[in-house]
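# Architecture and fold: a report
The chain contents come next:
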Amino acid sequence: MPFELAPLPYASNALEPHIDARTMEIHHGKHHAAYTTNLNAAIQGGPLEGDSIESILSKISSAGPAVRNNGGGYYNHNLFWNCMGPNKGGTPSGNLARAIDAAFGSFETFKEEFSNAAKTRFGSGWAWLIVHDGKLVVCSSPNQDNPLMDDAPVKGTPILGLDVWEHAYYLNYQNRRPDYVSAFWNLVNWDFVAQQYLLATK
Ligand code: MN3
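In this report, we go over the structure that sits alongside the text. The structure presented is a predicted model; accordingly, all values stated were derived computationally and were not measured.

Reading the values: rules and limits
- Residues numbered from 1 in each chain as written.
- Predicted model: local features only at pLDDT ≥ 70, side-chain atom pairs only at ≥ 80, totals over all residues.
- Heavy atoms only, no water.
- Donors = N, O, S within 2.8 Å, 3.2 Å for Na, K, Ca; no water.
- Buried < 20%, exposed > 50% of the residue type's maximum accessible area, 1.4 Å probe, protein only.
- Pairing = 2+ DSSP bridges.
- Helix = DSSP H or I, 4+ residues; strand = E, 2+ residues; numbered from the N terminus.
- Axes fitted to C-alpha atoms, helices over the stretch in contact; angles between N-to-C directions.
- Arc of directions from axis to C-beta.
- Contact = heavy atoms within 4.5 Å.
- Core = buried A, V, L, I, M, F, W, Y, C linked by side-chain atoms within 4.5 Å.

This paragraph deals with the coordination of the manganese ion. Protein-derived ligands of the manganese ion are His27 (NE2), His77 (NE2), Asp163 (OD) and His167 (NE2), with the metal-ligand distances lying across 1.9 to 2.2 Å. Between consecutive donor residues of the manganese ion, the sequence gaps follow H-x49-H-x85-D-x3-H. For the pair formed by aspartate 163 and histidine 167, the shared burial category is buried.

With that settled, the discussion passes to the sheet that holds strand 2 (residues 135–142). What the three strands build is an open sheet, ordered 2-1-3; its pairing is antiparallel. Only two strands of the sheet have a single neighbouring strand rather than two, namely strand 2 and strand 3 (157–163). Taking the axes of each pair of neighbouring strands and ignoring which way they run, one obtains an average angle of 20 degrees across the sheet. The pairing of strand 1 (residues 125–132) with strand 3 spans six bridges and is classified as antiparallel. The partner of valine 131 across the bridge, within strand 3, is threonine 157.

Bringing helix 7 (residues 177–184) into the picture now. The set of residues buried in helix 7 consists of Arg177, Tyr180, Val181, Ala183 and Phe184. Here the buried residues of helix 7 occupy an arc of 160 degrees about the axis, which is enough to place them on one side. Looking at the buried side of helix 7, the elements it contacts are helix 3 (65–82), helix 5 (107–120), strand 3 and helix 6 (170–173).

Checked against the element boundaries, tyrosine 169 lands in the loop between strand 3 and helix 6. Counting along the chain gives 13 residues from tyrosine 169 to serine 182, while the straight-line C-alpha distance between them is 12 Å. Discounting chain neighbours no more than four positions away, the residues touching tyrosine 169 are Thr23, Val164, Gln174, Arg177 and Tyr180.

Here we take up the nonpolar core. Within the largest apolar cluster, 46 residues are counted, with the highest numbers of intra-cluster contacts made by Phe110, Phe114, Leu136, Leu160, Leu162, Tyr180 and Trp190. Elements that contribute at least two residues to this core include exactly helix 3, helix 4 (94–104), helix 5, strand 1, strand 2, strand 3, helix 7 and helix 8 (190–201). Among the elements that line this core, the one with the most residues is strand 1, at six residues. Apart from residues no more than four positions distant in its own chain, phenylalanine 110 is found in contact with Ile100, Phe104, Leu129, Val138, Leu160, Trp185 and Trp190. By size, the runner-up hydrophobic cluster in this structure holds 14 residues, among which are Leu48, Ile53, Val67 and Tyr75.

This is the structure in structure tokens:
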């Protein structure tokens, strides 16, 4: 079964005014679609065909750049769309909130650390909140790399991701990545992130 592009979990204009509909349409319908198509082409007929995306990423060091870039792009955007939603934002609750306090001291400190990771990632890449050995860690990665890759400098299971490629924000924010990062906090679907935290710590 080839990988398929899942529809966005909300309308393309649902994240306005924080992320505009045109950006979402191009980002999902062109960029994410291309990663999906190109991943399928890159693994077709090879030893990775039929593997789960997590399994492919866990042995990415022995795959070529087409599998790395498109496999990362496929996985990262699936997570990213689900990490956001209309009328979200606010703060996490329950076990996730306690884990954030334990790891960072407070939610505000966590937000600052994650925002800094997003703002200071040079060029194209991602900021992450991951579970590493049962603990929460903030990190970032270049290009479409992610912490599930076996050769990542910081490894773990991503539970929240923010795309800081220019294609994610340039139409609306141009060079103002910090404004886009600030706006992201109005969109975070903490229920989804809490589910991912539960799965990653089971
Ligand atoms: Mn992107």
